[in-house]
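# Breakdown of the fold
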Amino acid sequence: MADFKKSVVYQIYPKSFYDTDGDGLGDLKGVTAKLDYIKDLGVDYIWMTPFFVSPQNDNGYDVEDYYNIDPRYGTMEDFEELSREAKKRGIKLMLDMVFNHTSSRHEWFQKALAGDPKYKDFYIFKRGKANGEPPTNWESKFGGNAWEYVEKFDEYYLHLFDVTQPDLNWDNEEVRKEIQKIVKFWMAKGVEGFRFDVVNLISKGEFKDDYEGDGRRFYTDGPNIHKYLQELNETTFGTDAEIITVGEMSSTSMENCYRYANEDGKELSMVFSFHHLKVDFMGNEKWVIVPFDFQKLKNILFDWQTHMAENHAWNAVFWCNHDQPRVVSRFGNTEKYWKESAKMLAAAIHCLRGTPYIYQGEELGMTNAGFTDISQYKDVESLNHFRILQEKGLSKENAYQILQIHSRDNSRTPMQWSDGINGGFTEGNPWIQVNENTRFINAETELQDPDSVFIFYKKLIRLRKEYDIIAYGDFEQKAEKHLSIFAYKRYYKGKELLVINNFYGNQVRWDAGEDLELYECLLGNYEKQDINGTEVILKPYETMILYK
Ligand code: TEU
């Protein structure tokens, strides 16, 4: 059976990874070309975000054809070559399946629009209210109402995301059968992992107005969600013990995750939850500027660590992905302590109980995009909200400040391979601008520097392989109330691991209440640790992984 607890997953956003044909977009051949780099890092899986045929309104999360590769990314032969070359290096592939919705260009939706009743029932069409308003007041995650009017039917269809991403009707058995077929198709191609996009939104509940929120209470972790996941499991990936799965769970509850990611294996191997990445939001509102709440971050992560373990469920642990700003810009420091904070954040997340995910460029300490003009932004969500914020009365300057912090494009700038033109990403015109700091934050430089962020990630991954305690140990939170320190312990077969992190740029002191001199330091981001009996003095953004 695949030991996903001991594994590390590396996420690739192919569009921004490496371009081999000079069209300014990364491609599958580009991933193959960089496999040795990934192998050197030491990860076990590559999760690739969607590269299926798509109009790319949401960079591939709007799938037009699940069985074919978008020509912008290459061909099926390119995929097979990538798959073979990865296998040679002991790296497994995890594909990203978007089944909550399709692209409006998908054949099913086109047939639905043409009036074919079979395919209309593949989606969610509803009559508007008597007063001519949409069926419910639900908001799309990308802004505006979540229903689109189709005059021909005098009906609306539901789109929780962009208007070009109509939601599928999972209550229709034929839809579920089609989805099973797609998963089996990719299993037959030798794929060994799946990420299921916003999969806890597939079972819609009641279609009612939401007077307290944006509608999510009616479709998040919906009435048949566990039934549908179990069915998908039994009919597809559950038949192959080597396949690992992760569900992306939007606004989920922990109670549901105990079941989604239970070790009984009935649903998924693990889940992505996002509550710890809303600590710089106002509730669910992302388009505001609020300093991040460190205590909240600790409480949420520690809560999930403790309760998921108690309920025999497994976490995916991560700071970054293609929807999140860069973590070093978010919870770290991009100036004097850039390197220290990038390493500290890495250690803090990798030693938690769960499977760590690294998003391309995170291992280099890549930072937010630093865009200053709307023409530099490409993401549909950012473009919509830039407009909406100004409609709400915010000044352009304010709207820019918010995008600079929260835009998904922060993580979508091209991978920084070198200090050369376009950071070595393309010889053409990059589809999105390369960060100027590629002059000093880039793979070429970091591979040669034994003290680099890259080498630190490499060491962390190696530690997971060498010390079972990191993968299998029990979790215990520490320093709960400390204003700067994020610390925890792991226990396994009589051994103990103590991970201490300073999240701030000032020196702090902590009394651990036990003799710290009994530990050896496995990894840290400063040459010497200042330990005296039960007390430790942590330098700015210091991290240490202690073991006894
Ligand atoms: O994202 C789901 C999702 O709800 C968020 O992460 C979303 O980006 C955020 O709420 C916006 O503020 C997944 C994919 O990861 C994302 O790239 C897609 O755009 C989205 O689903 C739709 O398929």
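Residues numbered from 1 in each chain as written. Predicted model: local features only at pLDDT ≥ 70, side-chain atom pairs only at ≥ 80, totals over all residues.

### Quick word on the overall build of the chain
Each helix and strand in the chain was counted, giving 16 helices and 21 strands. Taking 24 Å as the expected radius of gyration for a compact globule of 548 residues, we find that the chain reaches 23 Å, a close match to that expectation. When the backbone C-alpha atoms are referred to their principal axes, the chain occupies close to 75 × 55 × 50 Å. Relative to its 548 residues, the chain shows a buried fraction of 49%. Contacts spanning at least 24 positions in sequence make up 65% of the contacts within the chain whose residues lie at least 6 apart. (Helix = DSSP H or I, 4+ residues; strand = E, 2+ residues; numbered from the N terminus. Rg over C-alpha atoms; globule rule 2.2 N^0.38 Å. Buried ≥ 20, exposed ≤ 12 C-beta atoms within 10 Å, placed from the backbone. Contact = placed C-beta atoms within 7 Å.)

### Digging into the UniProt feature "domain: Glycosyl hydrolase family 13 catalytic" (unreviewed entry) in the chain
With numbering aligned to this structure, UniProt lists the feature "domain: Glycosyl hydrolase family 13 catalytic" (unreviewed entry) at residues 11–412. Annotated as 32% helix and 12% strand, the span residues 11–412 places its first and last C-alpha atoms 12 Å apart. (UniProt positions renumbered as here; feature names shortened; annotations may be inferred.)

### Here we look at the site of the ligand
Neighbouring residues of the ligand: 13 residues in total, closest Asp58, Tyr61, Phe161, Ser250 and Asp323. Considering only residue class, the shell around the ligand consists of 4 nonpolar, 2 polar and 7 charged. (Near = placed C-beta within 6 Å. Nonpolar A, V, L, I, M, F, W, Y, C, P; charged D, E, K, R; others polar.)

### Some thoughts on the domain arrangement of the chain
The assigned domain composition of the chain is domain 1 (107–158), domain 2 (176–314) and domain 3 (473–547). Opposite the 6 residues of domain 2 that make contact, domain 3 presents 5 residues. Looking at the side of domain 2 that touches domain 3 residue by residue, the classes come out as 3 nonpolar, 2 polar and 1 charged. (Domains from an automatic or database assignment.)

### Let's talk about helix H11 (residues 338–350)
Residues spaced three or four apart along an α-helix point in a common direction, a consequence of the helix completing one turn every 3.6 residues. Compared with an ideal rise of 1.5 Å per residue, which puts 13 residues at 18 Å, H11 spans 18 Å between its outermost C-alpha atoms and is within 8% of the ideal. The buried count for H11 comes to 13 of 13 residues, which makes it a mostly enclosed element. (Expected span 1.5 Å × (residues − 1).)

### Comments concerning the environment of Ser395
Assignment of secondary structure puts Ser395 in the loop between helix H12 (380–391) and helix H13 (396–406). Once the C-alpha coordinates of Ser395 and Glu310 are considered, the two residues, 85 residues apart in sequence, prove to be 48 Å apart.

### Things to note about the sheet that holds strand E17 (residues 508–511)
Within the open sheet, the 3 strands sit side by side as E17-E20-E19. Their pairing is antiparallel. The strands lining the two open edges of the sheet, one partner per strand, are E17 and strand E19 (530–532). Strand-to-strand twist in this sheet, taken as the mean axis angle between neighbours without regard to direction, amounts to 20°. Here 3 bridges tie E19 to strand E20 (residues 535–538), and the two strands are oriented antiparallel to one another. By the bridge assignment, Asn532 is partnered in E20 with Glu535. (Pairing = 2+ DSSP bridges. Axes fitted to C-alpha atoms, helices over the stretch in contact; angles between N-to-C directions.)

### Focus on the nonpolar core
Of all hydrophobic cores here, the largest spans 137 residues; its most connected members are Ile46, Val271, Leu345, Ala347 and Val499. If one sorts the elements of this core by residue count, H11 sits on top with 8 residues. Among the nonpolar cores identified, the runner-up in size contains 8 residues, and Phe371, Tyr377, Phe386 and Ala399 belong to it. (Core = buried A, V, L, I, M, F, W, Y, C linked by C-beta atoms within 7 Å.)

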